[in-house]
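Okay, here's what each chain looks like letter by letter:
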Amino acid sequence: MIGRPLALMLLVVLVVGGLAAWHPFSPSAAPVTAGASGDAARGATLFAASCAACHGADGGGGVGPDIAGVSAEAALAKIAAGGGAMPAGLVTGPEALDVAAFVDALDAAPVAATTAEPPPATTAEPPPATTVPAPTGPSEVSVKALADLGGLLRRGQSQVDVLVEHTGFLELALREDNVFNVRFHAEHLSNIVHGEPVRDLDTNGEASNPGDGVGLAGSEGGYVADAEPLFAEIAADPGVSTADRERADRSAATVRFAVDRLATLVERAERIAAVAAAADAADQIRLAGEAVADVVTAYEGMRASLRTYGLAA
Amino acid sequence: MAHVPLLDIASAYADLMTVVFSAPIVAKVWFATAAVALAVVQVSTAARMWGRLRGVVPLSDAGAKRAHRWSGRIALLLTLPVVFHCVAILGFQTTDARVAVHSVAGSFFYGAFAAKILIIREHRYPAWALPVFGGAVAALLALLWITSGLWYFGEFGIGL
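Residues numbered from 1 in each chain as written. Chains lettered and ligands numbered in written order. Predicted model: local features only at pLDDT ≥ 70, side-chain atom pairs only at ≥ 80, totals over all residues. Heavy atoms only, no water.

### A few points about the overall build of chain B
This is how the line gets drawn: Strands here are runs of E lasting at least two residues and helices are runs of H or I lasting at least four, both read from the DSSP assignment and numbered beginning at the N terminus. Residue contacts follow a heavy-atom distance rule, with two residues in contact if any of their heavy atoms lie within 4.5 Å. For the accessible areas, the method is Shrake-Rupley and the probe is 1.4 Å, while residue cover comes only from the protein chains on display.
Scanning chain B from terminus to terminus reveals 5 helices and 0 strands. Secondary structure elements of chain B occur, N-terminal to C-terminal, as α-α-α-α-α. Sequence separation of 24 or more characterises 62% of the internal contacts of chain B that already satisfy a separation of 6 or more. Of the accessible surface of chain B, which amounts to about 7900 Å², a share of 72% is contributed by carbon and sulfur atoms.

Next up, the structure:
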């Protein structure tokens, strides 16, 4: 009765299904040996933009699983197939080969070679303390405050580094016109600053934070914000020298400046995380980058100030 | 890098799609969404042609027929980049239930479509055949979109 249409349908189903089983343009269909077909260096940049947010900059895992040690072939298959919250085909064609080559290389060089951005200049040593006055008998309170500050700012440095790294990812996503990564990395910037609770600003259903959750200046304080009362304690100590007191006052003002710039950054990040198109975020990303640069400078100043205290043990 | 012609084609496709969209997969999702929107037009104009939904679809018989044909042609064109991406790049997969359902439904879609066209062209099939096969095409398209476009928007938000 309807034999011909059914036969035609079956024929087309077999043809389409056969083509799908063959999928000739899949990156995993190409003969791949890492390093021969893919460019791991180019893959590092692509990985940083499209994969590192979930898998970590060194592939060690995060929201997504640890992929260090995964072969190029397996990486290609996974890129093509997707899985869990990862959509299939996030990168395709030669770009998939490049990412696969990079993932393959993670096995041999899991850490240093994996970050696409060089470390920021935030770890530069401050000028030597040539004009440090002698200690004048600080109280135990300010000595403890200095020790606390030392630990606080040392731990915070890694979070500033993460902030700078993700600012780079955000700018890369803008250059690639990748609105999802733009929004994704904007969420990260905000959460690195804000700490817990982690917020899902890009509304992808998953709140993620590449930072350690403490934050730099959130509602519960953070590495930068918590420095101000400590500097204030030192400034209020009658035992410290005038030079140390003035330096503490200036550092407290620097902290306030940094906190203000971090608040600006969060505001920008919230706007960026809501854009409909990557290009719409261009101005906000530039302003966010300026805020991050200011934070880095202020942070350098705080750490340099701490090192030059005559109080320091 | 070694020269791989097949991947050059996939790369050219990706370059073409990213002229407008942020990634090929985003293009796929939006093309599929547009096709589903036109499928709604298809179903409603088909119903109108069969004497239903007169109050909802304010078209003459001839207008409904014209709208049905053109929405179908445009919808079919919109599915071509989607099927290229799905069939030629991603391929048949069964990694989880959603993907497996999507792959099976995708394999049947053009088959159902071809059968429907044949039924229209050859006027010798039972009256129920056309609405059944036409409905199957629309249902398969809806299922394909639910298991891909809707899922994608839910996971990653709506954006270009």
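### Remarks on the environment of B:His68
Residue and element names in this part refer to chain B. Looking at the secondary structure, you find histidine 68 in helix 3 (residues 61-90). For the pair histidine 68 and arginine 48, spaced 20 residues apart in sequence, the C-alpha separation works out to 9.6 Å. Those residues in contact with histidine 68 that sit more than four places away from it in its chain are Gln42, Thr45, Ala46, Met49 and Lys116.

### Some thoughts on the packing of helix 8 (residues 227-236) of chain A against helix 9 (residues 242-272) of chain A
All names here are of chain A. Here is the rule: In this description, a line fitted to the C-alpha atoms serves as the axis of each element, helices being fitted only across the stretch in contact, and the angle between N-to-C directions of two axes falls anywhere from 0 to 180 degrees. Reported orientations rely on four angle classes, namely roughly parallel under 35 degrees, roughly antiparallel over 145, roughly perpendicular from 65 to 115, and oblique for the rest. Two helices crossing with the near one rotated counterclockwise from the far one by less than a right angle form a left-handed crossing, whereas a clockwise rotation gives a right-handed crossing. Gly falls in the polar group here, along with every residue not listed as nonpolar (Ala, Val, Leu, Ile, Met, Phe, Trp, Tyr, Cys, Pro) or charged (Asp, Glu, Lys, Arg).
Relative to each other, helix 8 and helix 9 sit at 160°, their axes nearing to 8 Å. In terms of orientation, helix 8 and helix 9 fall into the roughly antiparallel class. For the crossing formed where helix 8 meets helix 9, the hand is left-handed. Only Arg245, Ala248, Asp249, Ser251, Ala252, Val255 and Arg256 of helix 9 make contact with helix 8, whose side of the interface consists of Ala227, Glu228, Phe231, Ile234 and Ala235. Of the residues contributing to the contact of helix 8 with helix 9, the split by class is 7 nonpolar, 1 polar and 4 charged.

### A look at unusual backbone geometry
Peptide bonds are, in most cases, trans, and in most cases residues other than glycine have a negative phi. Residue and element names in this part refer to chain A. A cis amide bond, omega -5°, links glutamate 196 with the succeeding residue proline 197. Relative to the helices and strands, proline 197 resides in the loop between helix 7 (179-194) and helix 8. You will see that threonine 203, though not glycine, has its phi angle at about 50°, which is positive. Along the chain, threonine 203 turns up in the loop between helix 7 and helix 8.

### Focus on the packing of aromatic side chains
The criterion, for reference: By convention, a stacked pair of Phe, Tyr or Trp rings (six-membered ring in the case of Trp) has centres within 6.5 Å and planes under 30 degrees apart, an edge-to-face pair has planes over 60 apart, and any other such pair is tilted. Each residue gets one of three labels from its accessible area relative to the maximum for its type: buried under 20%, exposed over 50%, partly exposed in between, using a 1.4 Å probe on protein chains only. Criterion for a charge above a ring: Lys NZ or Arg CZ within 6 Å of the ring centre, and within 35 degrees of the ring normal.
In this structure the tally under the stated criterion is 6 aromatic pairs over all chains. On the basis of an interplanar angle of 85° and a centroid distance of 5.5 Å, the ring pair of A:Phe180 and B:Tyr152 is categorised as edge-to-face. Of this pair, A:Phe180 sits in helix 7 while B:Tyr152 sits in helix 5 (residues 129-156), which puts the two residues in different chains. Pair check on accessibility: A:Phe180 and B:Tyr152 agree, each one buried. Ring centres 5.0 Å apart and planes at 55° place the aromatic pair B:Trp30 and B:Phe153 in the tilted group. Placement of B:Trp30 in helix 2 (residues 24-49) and of B:Phe153 in helix 5 is noted, with a sequence separation of 123 residues between them. The class for B:Trp30 is partly exposed, based on a relative accessible area of 25%. Within the aromatic cluster, the residues linked to one another by ring pairs are A:Phe180, B:Trp151 and B:Tyr152. B:Arg73 extends its terminal NZ or CZ atom over the ring of B:Trp70, reaching a point 4.8 Å from the ring centre. B:Arg98 extends its terminal NZ or CZ atom over the ring of B:Trp151, reaching a point 3.7 Å from the ring centre.

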